[in-house]
Each structure stands twice: as structure tokens, then as C-alpha cells.
Amino acid sequence: MKITLINVSGRLSSDGSRLISALLKRADHHVNSIFLARPEPLEYEPDELEQLDDMLKETDLVMIAVYSSYVIRAVQVTEFVHNKYPGMKVIWGGPHCISMPELSLRYADGVCFSEGDQVVVDLVNKMETGVDHINTPNMAFNDRGSYVVNEVLPPFSDLDSLPYCDYNLDDQFLLDRRLSKMTKEKIKERLAGYPYYIPILYFLTSRGCPHNCSFCNNIRYITMFGRNTMRFQSVDRIIYELEYTLNYLDFIEFLGIGDDDFFMRPKIFFEDFAKKYKKKVGLPFGIAISANTYNREKMEILLDCGLKAIQMGVQSGSQRVLDEVYNRKIKVSKTRDILHQIDPYQKTHSLDFLLDFIIDNPYETRDDIIQTYKYLIDLPLHVRINIFFLAFFPGTPIYDSALKDGIIKSFSEKSFRFYTRGHIRYQKNYETFLILLFRFLRRQLILQRHMPSFVFRVLGSHLVRGIASIFPKSFYAFLSKIVQ
Ligand code: B12
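Residues numbered from 1 in each chain as written. Predicted model: local features only at pLDDT ≥ 70, side-chain atom pairs only at ≥ 80, totals over all residues. Heavy atoms only, no water.

Summing up its helical and strand segments, the protein chain has 21 helices and 18 strands in all. Taken over the C-alpha trace, the protein chain has a radius of gyration of 23 Å; the compact-globule value for 484 residues is 23 Å, and the two agree within 12%. The proportion of buried residues among the 484 residues of the protein chain is 56%. Long-range contacts, defined as pairs at least 24 residues apart, comprise 74% of the intrachain contacts of the protein chain with a sequence gap of at least 6. Total accessible area on the protein chain stands at roughly 21,100 Å², and carbon and sulfur atoms take up 54% of it. (Helix = DSSP H or I, 4+ residues; strand = E, 2+ residues; numbered from the N terminus. Rg over C-alpha atoms; globule rule 2.2 N^0.38 Å. Buried < 20%, exposed > 50% of the residue type's maximum accessible area, 1.4 Å probe, protein only. Contact = heavy atoms within 4.5 Å. Areas by Shrake-Rupley, 256 points an atom, 1.4 Å probe, with all protein chains shown as cover.)

Residue Glu40 is joined to Pro41 through a cis peptide bond whose omega torsion reads -10°. With respect to the helices, strands and loops of the structure, Pro41 is situated in the loop between β2 (30–35) and α2 (46–50). Residue Pro195 is reached from Tyr194 by a cis peptide bond, and omega for that bond is 5°. Position of Pro195 among the secondary structure elements: in the loop between β10 (192–193) and β11 (198–203). Within the chain, Asp28 stands out as a residue other than glycine whose phi angle is a positive 70°. One can find Asp28 in the loop between α1 (16–26) and β2. Of note in the backbone geometry, Asn327 takes a positive phi value of approximately 55° without being a glycine. Along the chain, Asn327 turns up in the loop between α12 (319–325) and α13 (332–342). Among the residues examined, Asn327 registers a relative accessible area of 28% and is labelled partly exposed.

Strand order in the open sheet made by the seven strands is β10-β11-β14-β15-β16-β17-β18, with mixed pairing throughout. At either end of the open sheet lies a strand with only one pairing partner, and these are β10 and β18 (384–389). As defined by bridge partners, strand β16 (residues 307–315) adjoins strand β17 (residues 352–359) across six bridges and the pair is classed as parallel. When the bridges of β17 are listed, Ile310 appears paired with Phe353. Against the sheet, helix α11 (residues 296–303) makes contact with β15 (285–289) and β16, and its axis sits at roughly 145° relative to β16, the strand it touches most. (Pairing = 2+ DSSP bridges. Axes fitted to C-alpha atoms, helices over the stretch in contact; angles between N-to-C directions.)

All right, on to the nonpolar core then. Membership of the largest hydrophobic core comes to 131 residues, with the highest contact counts inside it found for Trp92 and Phe273. Broken down by element, the residue count for this core peaks at eight residues, all from helix α17 (residues 430–443). Apart from residues no more than four positions distant in its own chain, Phe273 is found in contact with Val235, Ile238, Ile239, Ile257, Phe262, Phe285 and Leu302. Judged by nonpolar contacts, the second largest core, of 24 residues, contains Met1, Cys112, Val120 and Leu123. (Core = buried A, V, L, I, M, F, W, Y, C linked by side-chain atoms within 4.5 Å.)

Take the site of the ligand next. Not every one of the 37 residues close to the ligand is listed here, only the nearest: Ser14, Ser68, Asp117, Asn217 and Asp260. Interatomic distance of 3.5 Å between a backbone N/O atom of Gly10 and an oxygen atom of the ligand. Take Gly116: an N or O atom from its main chain is 2.9 Å from an oxygen atom of the ligand. Those elements giving two or more residues to the shell around the ligand turn out to be α1, β3 (61–65) and β4 (90–93). (Near = heavy atom within 4 Å. Polar contact = N/O pair within 3.5 Å; in protein donor to acceptor, adjacent residues only side chain to side chain.)

The next point concerns the sheet that holds strand β8 (residues 172–176). As summarised here, the arrangement of the nine strands in space is β7-β6-β5-β4-β3-β1-β2-β8-β9, forming an open sheet in which the pairing is mixed. Of all strands in the sheet, those with a lone pairing partner are β7 (146–149) and β9 (178–181), marking the two edges. For this sheet, the mean angle separating the axes of adjacent strands, direction not counted, is 20°. Bridge count between strand β6 (residues 139–143) and β7: four bridges; the pairing is antiparallel. Of the residues in β7, the one forming a bridge with Phe141 is Val148. Running over the sheet, α1 touches β1 (2–7), β2, β3 and β8 and is turned about 165° from β2. On the sheet, helix α6 (residues 120–129) packs against β1, β3, β4 and β6 and is oriented at approximately 160° with respect to β3.

Attention shifts here to the pairing of β1. Among the six residues that make up β1, five are buried, leaving the element largely enclosed by the rest of the structure. Crossover β1 to β2 through α1 is right-handed. In terms of strand pairing, β1 meets β3 through five bridges, oriented parallel. Looking at β3, one finds that Asn7 is bridged to Ala65. (Right-handed = clockwise from strand over helix to strand, strands pointing away.)

Checked against the element boundaries, Thr245 lands in helix α9 (residues 235–248). Taking the relative accessible area as the measure of exposure, Thr245 reaches 5% and is therefore buried. With sequence-adjacent residues up to four places away left out, Thr245 is seen in contact with Tyr167 and Leu201.

All told, the structure shown has 23 aromatic pairs when counted by the stated rule. Plain terms: the ring middles of Phe262 and Phe269 are 5.8 Å apart, the flat faces sit at 75° to each other, and that makes the pair edge-to-face. Residue Phe269 is classed as buried on the basis of its relative accessible area, which comes to 8%. The rings of Phe262, Phe263, Phe269, Phe270, Phe273, Tyr277, Phe285 and Tyr294 are connected pair by pair, giving a single aromatic cluster. Here the basic side chain of Arg38 rests over the ring of Tyr44, its NZ or CZ set 3.8 Å away from the ring centre. Lying over the aromatic face of Phe269, Arg265 brings its terminal NZ or CZ to 4.2 Å of the ring centre. (Phe/Tyr/Trp six-rings, centres within 6.5 Å; stacked < 30°, edge-to-face > 60°. Lys NZ or Arg CZ within 6 Å of the ring centre and 35° of its normal.)

Bringing the pattern of salt bridges into the picture now. Following the criterion strictly, the structure yields 30 salt bridges and no others. When the shortest N-O distance is used, the salt bridge between Arg106 and Glu413 registers 3.1 Å. One end of the pair, Arg106, is in the loop between α5 (101–104) and β5 (110–112); the other, Glu413, is in the loop between α16 (397–404) and α17, with 307 residues separating them in the sequence. Judged by relative accessible area, which is 42%, Arg106 ranks as partly exposed. Residue classification places Glu413 among the buried positions, given a relative accessible area of 8%. When the shortest N-O distance is used, the salt bridge between Glu241 and Arg237 registers 2.6 Å. (Salt bridge = Lys/Arg side-chain N within 4 Å of Asp/Glu carboxyl O.)

As C-alpha cells, then:
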């Protein structure tokens, strides 16, 4: 079958859609991938979408990989296809669709609402041969207005059997103003993002996350599977795919291992991995870990084979928020402790430490927020801080609570973008402004030279907070915008 696979993510992705493409090609289907990979503007103009026409004329089936933040693009493409090619089926999949098929079936003819690995080829084969596909597991369909939601298969665990993510640029295209062939130059430019602005390849070696956070998509898998499951690729499989992909993408300078918690594996994995990685890959790389699984021995093994960055979620300096709002079974004190253990490696091994925080959470009190601020101002200046604005992903417990409490309106494709990174929405107050001010000054490196830390302590004191609270919300919304 001739398939046009469209990825609507704002950055050039290295996610499941490349895997879906590889699975379909392995089964002898023909796949053209089109990336709508620009961060902004979010919506595409009609004359941009018109350019899909030449390819769609030759297409039997359209598939779209969707992240919630970019869902409006998937809606635009789907409506374009349906208007121009009545009868052409459009199938959605990807993080936005996980466990919430009804959100996507408003537009799509079918949706993969769980993992696609075991079902996508089966679905396309059935469609190609005219066999009834409506009962395909992990899939839901809009059958003339009524929704058919099929059974969920158990988590897919044979990760080694999967084909390599598809980076064959011969049938990949970029739509940004013009539809053009993907080239190494374009991919190189678009893979150069935060934090180093050199071409970074993101790569996943496992599935699942040990946590159960109320704001994360992963909880949707836990709900469907009835348990939290971790699955891993073997060392050899990881190294083979890396060698293959990096041989082709020979400009990559850094590897971002995207696993939620790389330290979930046993120590024996690390020794084998380090030996083979050093010999056959050798690029500097970064991993994400959690304070609960940090292990010095595992880290030292990785330092010897190129580990250069560790990212860890703190999310809030308030234990109450971690326990009661985010359902994270991690102690704030534990994250501080890990920070102190990792910190010396910055000097000895140039190891970067990146910490993630979430702000603008309507369930935080001003006292909770000041605890995050106090956590931040105590951090050594070489620790990088990532500050995210809470996004309410449909299907997560925090989304359900916020909806019930009237904090957010129910999901809308048009307004969803405002839930992601953006401006302060819920916490227009002095404490949140202080966090943003602190980040701003840190970014300008002003702190290093001019601002003694006691100034920040005074700014966060009861007395100053008391005085600051007489100013209206609009004042802090305005100030926050300036320092964002
Ligand atoms: C690594 C990672 C990143 C990396 C790399 C992203 C990438 N892969 O390109 C970085 C740091 C860059 C990143 C960035 C962002 N990420 Co991120 N990321 C992840 C993480 C940890 C793993 C993603 C992954 O590769 N999963 C493995 C693949 C195989 O899964 P998958 O893509 O879902 O694909 C499977 C199915 O969905 C399905 N499928 C996928 N596509 C399609 C298409 C069709 C047609 C079909 C039928 C099936 C299908 O089959 C696949 C195989 O089973 C996840 C959390 C997690 N553990 O999943 C968050 C996650 C995906 N990220 C998330 C977000 C929000 C973002 C950002 C938007 C953050 C931001 N900037 O605000 C950006 C946007 C990225 C982009 N591409 O535009 C959210 C998405 C939530 C949502 N509902 O959209 C997640 C789920 C985390 C969360 N907070 O809940 N991310």
C-alpha cells in the first residue's frame, strides 16, 4: 500500500512514527514521511497544505503521528484530506492518542490508542486486501458516526525484534512554507537544539517509566495495562542500531538517550554497555535518571564511556506538592542529596547536571512556590535549570481534577497550545515572578558577577513577600512576561 505518514511535531522527531514507518516498510508497504517540523506558527496556511496534493494523489492511506501540543495541525491535515479526497482514510497515532481514542475520532477515521508495534502492519494489510479491519486490537474506529474501541493488547516486550527507526531521507520531506525533500543539511540544522545547540540524536532504549506522576502520559499506559511495566532493549541491539544510524547521520555530535530512567537496569547491563559503546559509538551522551534510582557505581561506569549530561526531575521544592498533587514518591531531600553526590563530577568529568521543575501549577500555594524558589537559589551556578509550565494532558489525573475544579475547560484542539510552554496563567504572583526573575538573571549570567545570594534570600523572605503581596496579579503577570 502507498502510505503518506505525517508527523506534526514542532521539532524534528525521533519518536514512534519513525518506527511505524520502518515496520510498514519491512512489510513491503511504501511510505513517504512528511514532517511539519516547525515550532511556530502552529497552524499551517491553506497554500502550505495544498502542496501535499501531489503526494496525496499517489496515496492510498494517510497516517498522522500526533503530540497534544500540535494536535491542531493534525486536524488541519485531516480536514484537508477528507475535503479533497472523500473516502481516503486518515489514521492517527502517537502520544496524543494514547488511551483517549474518542479525542481523535472526532476527526480521524481510525486511531491507534496504545502501542502500534504489533498492530500497524496487520491493520494496513487488512485495509489493502479489503479484509474487515474494524476489530484490529489497540485500534479504535469511527464507523459511520459510532465509535468502535477494540481490546488492548498486553505491553509489547520484544523490543529487540523491532526494525531500526527510519532515517532514510530518500522518501522523507519537510513542509515549512514549501514542501521540500529532507536533506542531511536540513535534518542537521533541525536536530541542533537545547542544551548544546549541536546536532543531537534522541534515542530510546526502553519503554515505560517507574513513576506514576499525575501529569504524565505514562499514567495512561498504566491505566490500560493495569500495571507499570518496564521493558528494555539488549546491549547488542542498542549498539547495532546506533552504529547503523550514526553511520548514516554522520554529523550527529551528541546522543540524547530519552528513556525516562536509564538507571532502572541492573549493573551488569552497564558494564557491557560501556565496553561496547566506547568501542563502537564513542559519542558524548546524556541520560535521564530519578533520585530514587541514582547509583554511583552505574554512573561512574558510564562516565568512562562518554556520559556528559544527567537530567533529573525535581518538579517542585514542596514535598506536599510532590506527594499530594503530583503523586511522585520521591523526597525533595533525596533530590538534594543526589545533587550533592553528582556535583563533584562537574569538575572532574565536565558532567552537566540538568534539573527539571514545573511551575504555574494552580494547585500550589504561594508557600509551595517559595519552596521551589528556595531550592533553586541554593543550586550551584553550573547546574542547568529547566523550568516548564504545567501542561494538562487529557487522560491524566491532574487534568481530570482541574476539569472538575473548574480550573480548565475541557480539551479543545484550538486552545491546547496555551497549556504548554507559554505565559503564566494560574500563578500570577510575586513568588512565581521571583522564580522567573531568578532564571532570567541566571541566563544572563548576571548572578555570577553581581548578585550576592543573600539578596535572593531577602527577596524570598516573609517580610518582602508580605509587602509584595499588596500589588495586584496584573502587575506580576506584566513583570513575569518581561523576564520570561
Ligand atoms: C524522549 C522524549 C522526548 C525527547 C525526544 C522526543 C522525540 N522522541 O522526538 C525530547 C526531549 C526532545 C522531547 C520533547 C518533547 N516532548 Co517528549 N517525551 C519523550 C519520552 C520520554 C519518550 C518518547 C518516545 O520516544 N517514546 C517511545 C515511542 C516508541 O513511543 P511513541 O512515540 O508514543 O510511539 C508509539 C505509539 O504512540 C504508536 N505511534 C506513534 N506514532 C504513531 C503514528 C501512527 C499513525 C500510528 C498508527 C501509531 C503511532 O506506536 C509507537 C510504538 O508503539 C516521552 C514519555 C514516554 N516515556 O513515552 C515524552 C513525551 C512523549 N513528550 C511529551 C511532550 C509534551 C514533549 C514536548 C511537546 C515538550 C515541550 N517542548 O513542551 C516536546 C515535543 C517533541 C516534539 N517531537 O515535538 C509528552 C507528550 C504528551 C502528549 N500527550 O502529547 C510525553 C508523553 C511526556 C509527558 N509529559 O507526558 N520528548
